[in-house]
Amino acid sequence: MPLFILLSLALSFMEQTDAPLRNLLITPLFIYTGLILAIISIAGAAFKKIPGTTIWYGIFASGALIVWYAYWKPLFNDDSPIFFFYPLYFALLAALVSLFVMSQQHKIDDVSLSFMKRVSRKRIIQPMIIMLFVLGSLELQQQFMLYPTMMTFLIIRYALSSCLEGHNRDKK
C-alpha cells in the first residue's frame, strides 16, 4: 500500500496548494487509467495461488482513488473539503494499519489465527467482492460517504490478508 499512501498524500497536498496539475487529473484519460488499474488488480486478486497477492490491494486502491478524484471532482465545488480530507484519511488509515496491525502479526495466537482464517473464507468479504463494491460506490455520487466506507473495508481486508499471508510465509 505504499503507492496508495503516497498517491493519497499527493492528492491532499495538491488540493491544499491549488496545484495546476489538478486540472490534468480530472481528464477522462485518468478515469480510464484508474479503471484499467482497478480491473487488472481485481483479476490479479482472483488468482490466490500467486504469492504476494496483497500487492493487488495497493494497485486497486490507487486506481480507485484516481477514478474517484477524476470522476467526482467536476461535480463538487472547487473548495470542497472532501478532496483534501478523504485522501488524507486514507493515507493515515493505511499507514496505521501497516505500522501497527501488520507489524504485530507475529504475536497472533493460534485461536485468533484460526478465527481470522474462517472470517477470510466468508464470501461477502472476499477481496474481489469488496473491490467491486468500491467500484460501485464510485457511481453513487449522491452517497458521498459510501466510497470512504468501502475503502475502509478494503483496507481492513488488506490488513487481514497481509496478516494471514505473513503468517503463512513465516510458517514455511
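Provided above is the structure to which this section pertains.
Throughout what follows, the structure given in this document is the object of discussion. Source: prediction; values computed, not measured.

Parameters at a glance
- Residues numbered from 1 in each chain as written.
- Predicted model: local features only at pLDDT ≥ 70, side-chain atom pairs only at ≥ 80, totals over all residues.
- Heavy atoms only, no water.
- 1 Å grid on protein atoms, 1.4 Å probe; cavity = no way out; pocket = protein on both sides within 12 Å on 5 of 7 lines; lining within 4 Å.
- Points joined across faces, edges and corners; volume = space filled by probe spheres on them.
- Helix = DSSP H or I, 4+ residues; strand = E, 2+ residues; numbered from the N terminus.
- Nonpolar A, V, L, I, M, F, W, Y, C, P; charged D, E, K, R; others polar.
- Salt bridge = Lys/Arg side-chain N within 4 Å of Asp/Glu carboxyl O.
- Buried < 20%, exposed > 50% of the residue type's maximum accessible area, 1.4 Å probe, protein only.

**As for the layout of surface pockets**
It is a probe the size of a water molecule, rolled over the atoms, that shows where empty space is left.
Turning to step 1, where the next piece is worked out: Put simply, the second largest pocket is a space of about 200 Å³.
Turning to step 2, where the next piece is worked out: What lines the second largest pocket is Val-101, Ile-124, Ile-125, Ile-130, Phe-133, Met-150, Phe-153, Ile-156, Arg-157, Ala-159 and Leu-160.
Turning to step 3, where the next piece is worked out: Of all elements in the fold, only helix 7 (127-139) and helix 8 (146-171) reach the threshold of two or more residues within the lining of the second largest pocket.
Turning to step 4, where the next piece is worked out: The element contributing the most residues to the lining of the second largest pocket is helix 8, with 6 residues.
Turning to step 5, where the next piece is worked out: The residue makeup of the lining of the second largest pocket, split by class, is 10 nonpolar, no polar and 1 charged.

**Concerning the pattern of salt bridges**
Turning to step 1, where the next piece is worked out: Going through the model one piece at a time under the given rule, you end up with 2 salt bridges.
Turning to step 2, where the next piece is worked out: With a shortest N-O distance of 3.2 Å, Arg-22 and Glu-15 are connected by a salt bridge. As far as the burial class goes, Arg-22 and Glu-15 line up, both buried.
Turning to step 3, where the next piece is worked out: Close ionic contact of Lys-73 with Glu-15 constitutes a salt bridge, the shortest N to O distance being 3.2 Å. Taken as a pair, Lys-73 in the loop between helix 4 (55-72) and helix 5 (82-101) and Glu-15 in helix 1 (residues 2-17) lie far apart in primary sequence, 58 residues in all.

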